[in-house]
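Examination of the molecular architecture
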Amino acid sequence: MVMHSFPTLNNDNHTIALQDGDQSWTYAQVNARIDNFALGLLKGTGDLEEERIAFFMPASLDYVTTMHGIWRAGGIAVPLNVASAVSELEHSLSCAGVTRMIANGHYRVVLIELCASLDIELVSCKEVMSIEENLDGKGLPDVNPSRRAMILFTSGTTNKPKGVVSTHRTIAAQVTTLIDAWRWTSDDVIPLFLPLHHIHGIINILSCGLWAGACVDLFAGFDIPAITQKIKAGHYNVFMAVPTIYVKLIQHFDTLSAQGSDEEVKAICDGFRAMRLNISGSAACPVKLFNQWRELTGQVLLERYGMTEIGMGISNPYEGERRAGHVGQALPGVDVALFDENNYQITTDAAPGEIRIKGDNVFLEYWDNEKATSESFHDGWFCTGDVAVSDDGYYRIMGRSSIDIIKSGGYKLSALEIEGVLLTHPDIQEVAVIGVEDETWGEAVAAFVVVKEGKSLDYEALKSWCKGKMSSYKIPKLLKTLNALPRNAMGKVTKPDLKKQL
Ligand code: MCA
Ligand code: AMP
């Protein structure tokens, strides 16, 4: 038996697992494909023994086949960000020691040079699945749940992203907790338009959906016209997104109304109204947005809190009060506590402290980085770096302990990583990057630069220089040139002073 396999992915399940445009596949079809893919990866060997296999593909049948195929064959899945600049991928690939890369079509072509330079075998899904005969899973290894299953790269307070390693057990714990807490069933139908290199898309939507036997409708990105048409038609009963998506939907409604299409707005809002659940997370949901969404759709957003290292930790209740501006209570099976700077646990309401987490949902380690792993735990608790208070039994996130982490449209960005790239600009002498409040993105990336003598820099020129050097969502939305960066007596840039300048 393959111990970690999703219970629904079997040859007897003939309900629809995945949709993509007008195509759909049953669980049995997806299952058979995964088996073939896993056997193709094994090439006759018994077990991949945690070989790191990366893949670079948008949400698709091939993505699901690849992810599960790697798991079934005993490898570690390394899903990559398809919106990355190719130059950004090198770090993840070398850090994780990736030896094989799966990519199709255009996505494959752009990786040829990089894979050759890193000695990574680059193959398409089809090439892996060249086995003709369906062996019905025979020949697959028995993978213990304590083995490593996935590495996701996350930005932090260093300039290089760290590889967060989850085991099969971690993934199962993260998924089953949410299935119970949010009442997933096989009747659910959910759109998936979030990127598939993060927990939100991978665990909360895709994996929960598949584990529950639900139907997951795949989109390569947030295609508002296509998604809202299906919402209008009552196709979905669950919707999960980052706050920016709800903001963008409201902006879309405003545009439609301005064009005289109030009826269309009403029809889409009615589609949301009929759903059983709308969830917001990955970044703070402003109270104003929570209220606007309730007025428009009647949906009381369920806000929850999570992190790449822990999956989901805290959630508003499915039944009971969903409190605006709050993320709720610890999920079942997850221990949550707040600690002060002296590592004393806070037990009184209204006193802020760092959120720390324990439970089977917590990751195993940062790949090849023992120091970062040990520094991120204290007495067995994972230290999130997020600060919260408890208001009458509901946690409220107050912010992060580091100013160098920016949350833009749900993406966690490292200010230091962006500074590192900007410093390679020939006209930039010094730079400091911060996140500034923004209605659409939550936080927007702002760069403060000191240019070299005799040089000048305008925003459009900087933006086009950045293209190809960083993912487009990391490119600063604001540029301010200064004569000097504000520094303290130790010479360290005082970033809070920069915030005040805007
Ligand atoms: C796109 N742009 C952005 C962002 N996304 N700028 C800043 N921040 C962003 N997040 C810019 C592009 O660079 C481009 O700029 C312009 O917006 C249009 O790009 P496009 O891709 O068409 O935009 P979009 O499709 O509307 O994308 C917005 C988005 C996307 C759908 C909200 O950002 C997104 O999918 N965010 C969610 C990320 C996510 O899943 N995070 C979860 C990780 P220009 O026009 O100038 O070129 S956190 C997590 O997993 C934890 C565990 C948790 O709690 O969930
Ligand atoms: P990531 O490391 O990309 O998984 O992002 C995790 C971070 O997103 C957390 O450490 C929080 O800072 C932030 N986050 C997630 N959910 C929420 C939320 N509901 N409210 C505020 N911040 C959140």
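Quick caveat, the model's predicted, so the values are computed rather than measured. (Residues numbered from 1 in each chain as written. Chains lettered and ligands numbered in written order. Predicted model: local features only at pLDDT ≥ 70, side-chain atom pairs only at ≥ 80, totals over all residues. Heavy atoms only, no water.)

**What about the site of ligand 1?**
- In the vicinity of ligand 1 lie 26 residues, with Ser282, Arg304, Ser408, Lys463 and Lys477 positioned nearest.
- Contact between ligand 1 and Lys248: an oxygen atom at 3.0 Å from a side-chain N or O atom of the residue.
- Ser472 places a side-chain nitrogen or oxygen 2.8 Å from an oxygen atom of ligand 1.
- In isolation ligand 1 exposes 1,000 Å². Once the protein is present, 77% of that is buried.
- Classifying every residue of the shell around ligand 1 gives eleven nonpolar, ten polar and five charged. (Near = heavy atom within 4 Å. Polar contact = N/O pair within 3.5 Å; in protein donor to acceptor, adjacent residues only side chain to side chain. Areas by Shrake-Rupley, 256 points an atom, 1.4 Å probe, with all protein chains shown as cover. Nonpolar A, V, L, I, M, F, W, Y, C, P; charged D, E, K, R; others polar.)

**Section: the packing of aromatic side chains**
- Counted by the stated rule, this structure contains 17 aromatic pairs.
- On the basis of an interplanar angle of 70° and a centroid distance of 5.2 Å, the ring pair of Phe55 and Tyr63 is categorised as edge-to-face. The pair Phe55 / Tyr63 is uniform in exposure class, with both members buried.
- Between Phe363 and Phe377, the ring centres sit 5.6 Å apart and the planes meet at 20°, which makes this aromatic pair stacked. One end of the pair, Phe363, is in the loop between strand E18 (353–358) and strand E19 (365–366); the other, Phe377, is in strand E20 (residues 377–378), with 14 residues separating them in the sequence.
- A network of ring pairs unites the aromatic residues Phe193, Phe222, Phe239, Tyr246, Phe253, Phe272 and Trp293 as a single cluster. (Phe/Tyr/Trp six-rings, centres within 6.5 Å; stacked < 30°, edge-to-face > 60°. Buried < 20%, exposed > 50% of the residue type's maximum accessible area, 1.4 Å probe, protein only. Helix = DSSP H or I, 4+ residues; strand = E, 2+ residues; numbered from the N terminus.)

**Topic: the site of ligand 2**
- Near ligand 2 there are 16 residues, and of these Glu303, Arg304, Thr308, Asp386 and Lys407 occur at the shortest range.
- Take Asp386: an N or O atom from its side chain is 2.4 Å from an oxygen atom of ligand 2.
- A total of 500 Å² of accessible area belongs to ligand 2 in isolation, and the protein chains cover 93% of it.
- Of all the elements in the fold, those that place two or more residues in the shell around ligand 2 are strand E13 (302–307) and strand E22 (394–400).
- For the shell around ligand 2, the element with the highest residue contribution is E13, accounting for five residues.
- Split into classes, the residues belonging to the shell around ligand 2 amount to six nonpolar, four polar and six charged.

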